[in-house]
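# Coordinate inspection notes
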Amino acid sequence: MAEVAAVLDGIARYVVPRTLDEALGVLAAGGVSILAGGTDLMPQARAGRVRLQPVLINIRRLPELTGIERAGGGIRIGALVTITALRDSALVRERLHLLWQACDHFASDQIRNVATVGGNLCNASPAGDTLIPLLALGASAVLAATGGTRRVPLGEFFTGPGRSCRRPEELLVAVEVPEPPAGFAGVFCKHGTRPALDISTISLAVGARRDGTVLRDVRIACGAVAPTPIRALQAEAVVEGRAADAATIAAAAQAALADIHPISDVRASDWYRREMVRNLLQRALSHVGQL
Amino acid sequence: MSVNCDIAFTLNGVPRRLAVPADMSTLELLRDQLGLTGTKYGCGEGECGACTVLVDGASVNACLMFAVDCDGRELVTVEGVVAGATGQRLRDAFVASGAVQCGFCTPGFMVQASHLLGQGRAGGEAEIRRGIEGNLCRCTGYRKIIDAIATAAQGGDHG
């Protein structure tokens, strides 16, 4: 019995597939932990927060999961693209600047060099840095399985802290981001005790397009204020089609308090999170109004 | 116990071939299996940078990397860094600037600094500060470490 338990506690098989089909076949058989960058999997497994499955699949050699490219009115980012690669991408910097800002603020150089956008999404932390701008930008997750591929808008992808609608037999292969309209600009900001390597107390991605004196295509997403990253739809509605004047900004910040559901934890109280959202959203909207 | 896996990689320029448990970290491989103790165990979760090594030319936290993932890659540890010209310049600058106190964080800073110098990302204090944000030092207050990296970036150990 001791031997059986030991086998169950360890990794019985390590697989490095060379093609997506091979990887999906391994996933279909079940009992698999997926390794990409490993920056979340390793510490979570060591801390006992995640139980390693009998099969460890290293997806790092799958060419189908790489690259950043324009595709059909959007930008397709392979799940294995690292945060450093996003930060170094001229396309991301110019067209998805909200995402670029989050990558610039992400953890540390050592972690950015390894961590992947797919891993950040599948880890599904309510505070995940790339999740907030990707949600604001209306991105979708592309999930593949032996039975076929489906696309899930990020607004439906996250189902709780550390949970997503990805089924165990599915692999996140890419995230697709619609190209923002010309003139769309935004601000990503996060608040914590230090600029680097801190899990956000709260984070915000705010974007809009200036149309004369008013803002259109307003997008506001918030991190660490609900069980999942969320869009602040009521706050967006307040600003949409209006000038970013003091009264509108104050009304939007007030409306955002009805969008969020923060909890108290080791990083901050729910009251503090509400106050930070109210204040940082006003600052961000004021900034976006001047971009 | 996890299954043993055969891996082949280059370590400080030397090809290596060995078997590692599938759940072993690269830090454990380096320190416990290969005896390269220059790479330090600080926090074990990527917060402190004491275990920084270069993998295919990029700095990474060895504590967060599965050892099996070293297969086919090129690893350089602090022992490899100081064997090169940039590493020697950094070492001399760290000594001259008084950037070493207890010394525990120093190997991680040396490896990260060599990565910054190699990429031309040590052009000024602000850039150096951003570059070392993944490395913690509890002794120096960073001032002398930043001075040392700036000195090495300028090509000497006496500024």
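Worth saying up front: this structure is predicted, and the values here are computed from it rather than measured.

Each value, and the rule that gives it
- Residues numbered from 1 in each chain as written.
- Chains lettered and ligands numbered in written order.
- Predicted model: local features only at pLDDT ≥ 70, side-chain atom pairs only at ≥ 80, totals over all residues.
- Contact = placed C-beta atoms within 7 Å.
- Helix = DSSP H or I, 4+ residues; strand = E, 2+ residues; numbered from the N terminus.
- Nonpolar A, V, L, I, M, F, W, Y, C, P; charged D, E, K, R; others polar.
- Domains from an automatic or database assignment.
- Buried ≥ 20, exposed ≤ 12 C-beta atoms within 10 Å, placed from the backbone.

## Points about the interface of chain B and chain A
A common way to report how large an interface is uses the accessible area buried once the components associate. At the junction of the two partners, chain B supplies 26 residues and chain A supplies 24 residues. Among the elements that line the side of chain B that touches chain A, the one with the most residues is strand β4 (residues 58–61) of chain B, at four residues. Within the side of chain B that touches chain A, the residues separate by chemical class into 10 nonpolar, 11 polar and five charged.

## Considerations on the domain arrangement of chain B
All names here are of chain B. As far as domains go, chain B holds domain 1 (4–77) and domain 2 (82–153). The straight-line distance from the C-alpha centre of domain 1 to that of domain 2 is 21 Å. Between domain 1 and domain 2, the residue contacts involve 11 residues of the former and 10 residues of the latter. Sorting elements by how many residues they give to the side of domain 1 that touches domain 2 places strand β3 (residues 52–55) first, with three residues. The residue makeup of the side of domain 1 that touches domain 2, split by class, is five nonpolar, five polar and one charged.

## Here's the deal with unusual backbone geometry
The backbone of A:A124 sits at a positive phi, close to 55°, despite the residue not being glycine. The residue A:A124 is located in the loop between α8 (117–123) and α9 (131–136) in this model. Of note in this structure, B:N12 is not a glycine but carries a positive phi near 50°. Overall, the presence of 18 C-beta atoms within 10 Å leaves B:N12 in the partly exposed class.

## Some words on the domain arrangement of chain A
Residue and element names in this part refer to chain A. Per the domain assignment, the segments of chain A are domain 1 (11–58), domain 2 (63–178) and domain 3 (184–288). Taking the mean C-alpha position of each, domain 2 and domain 3 sit 21 Å from one another. Residue-level contacts link 21 residues of domain 2 with 22 residues of domain 3. Counting only elements with at least two residues in the side of domain 2 that touches domain 3, the list comes to α6 (97–104), α9 and β8 (158–160). With five residues, the top contributor of residues to the side of domain 2 that touches domain 3 is α9. For the side of domain 2 that touches domain 3, the per-class residue count stands at 12 nonpolar, eight polar and one charged.

## Things to note about α6(A)
All names here are of chain A. Taken across its eight residues, α6 has seven buried, putting it largely inside the fold. Those residues of α6 that sit buried are H97, L98, L99, W100, Q101, A102 and C103. Structurally, α6 contributes buried residues whose contacts are with α4 (83–88), α5 (90–95), α9, β11 (184–191) and β12 (202–211).

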